[in-house]
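Coordinate analysis (summary)
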Amino acid sequence: MLRKWARLALAREAAVTVRYVGEAEGRRLNREFRGKDYATNVLTFVYADDPLAGDLVICAPVVAREAKEQGKEVAARHAHLLVHGLLHLQGFDHERGADAKRMERHERRLLEKLGFPDPY
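The present account deals with the structure reproduced in this document. (Residues numbered from 1 in each chain as written. Predicted model: local features only at pLDDT ≥ 70, side-chain atom pairs only at ≥ 80, totals over all residues. Heavy atoms only, no water.)

Taken in spatial order, the three strands of this open sheet run β1-β3-β2, and their pairing is mixed. Only two strands of the sheet have a single partner each, and these edge strands are β1 (14–21) and β2 (42–49). Along the sheet, successive strands turn relative to each other by an average axial angle of 10 degrees, direction set aside. One ladder, built from seven bridges, connects β2 with strand β3 (residues 52–59); its direction is antiparallel. When the sheet's bridge partners are listed, A48 is paired in β3 with A53. Of the strands in this sheet, β1, β2 and β3 are in contact with helix α2 (residues 23–34), which crosses β2 at around 50 degrees. Docked against the sheet, helix α3 (residues 60–70) engages β1 and β3, running at close to 60 degrees with respect to β3. (Pairing = 2+ DSSP bridges. Helix = DSSP H or I, 4+ residues; strand = E, 2+ residues; numbered from the N terminus. Axes fitted to C-alpha atoms, helices over the stretch in contact; angles between N-to-C directions. Contact = heavy atoms within 4.5 Å.)

Structure below.
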């Protein structure tokens, strides 16, 4: 399942490790690497662009909580965050309005192809 989602999200060959963590480790990593003292849903670490390489860290308890709060299936939320993280790995960003719209459009298209509803 994860491989299928990843293959669709990646526009080219990549070496990616996807790691699921608990809330304590998710919080530690977010604090250490982003200076934010809370567990976040997904972190992307880019190590190289050519060839593309990086790590995704997904915090399973945060994803489950968000799915429940948003009334979404847990699998749909996991798919969205895997796609989201892999797009970050490929240079997509959502810090500015136009970039965010571009990234969200791409996420919507990919998730639709995977059979998931609009994540937004």
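Here the focus is the pattern of salt bridges. Applying the stated criterion across every chain yields a total of ten salt bridges. The shortest N-O distance in the salt bridge between D37 and R31 comes to 2.7 Å. Several salt bridges converge on common partners, so that one network encompasses R19, E25, R28 and E32. (Salt bridge = Lys/Arg side-chain N within 4 Å of Asp/Glu carboxyl O.)

On to the packing of α3 against helix α4 (residues 74–89), then. The contact between α3 and α4 brings their axes to 9 Å, and the two run at 120 degrees. Compared by their axis directions, α3 and α4 come out oblique. Like other packed secondary-structure pairs, α3 and α4 cross with a definite hand, here right-handed. Along its contact with α3, which presents A60, V63, E66, A67 and Q70, the element α4 presents V74, R77, H78 and L81. Here the residues of the contact of α3 with α4 are counted per class, giving five nonpolar, two polar and two charged. (Parallel < 35°, antiparallel > 145°, perpendicular 65-115°, else oblique. Left-handed = near helix turned anticlockwise from the far one by under 90°. Nonpolar A, V, L, I, M, F, W, Y, C, P; charged D, E, K, R; others polar.)

Each neighbour pair has its own omega, and for D50 with P51 the value is 5 degrees, a cis peptide bond. Counting through the fold element by element, P51 comes out in the loop between β2 and β3.

A few words now on a nonpolar patch on the surface. A contiguous nonpolar patch, built from L2, V18 and Y20 and spanning about 210 Å² of accessible area, is present on the exposed surface. Following the sequence through the fold, L2 ends up in helix α1 (residues 2–9). (Patch = residues over 30% accessible without salt bridge, like charges linked within 9 Å, V, L, I, M, F, W, Y side chains within 5 Å. Areas by Shrake-Rupley, 256 points an atom, 1.4 Å probe, with all protein chains shown as cover.)

The next thing to look at is the nonpolar core. In terms of nonpolar packing, the biggest core is built from 23 residues, with L82, V83, L86 and F116 touching the most fellow members. Sorting the residues of this core by element identifies α1, β3, α4 and α5 (97–113) as the ones contributing at least two each. Residue contributions to this core peak at eight residues, all from α4. Setting aside residues up to four positions removed in sequence, L82 forms contacts with L2, W5, A6, V18, L56 and I58. (Core = buried A, V, L, I, M, F, W, Y, C linked by side-chain atoms within 4.5 Å. Buried < 20%, exposed > 50% of the residue type's maximum accessible area, 1.4 Å probe, protein only.)

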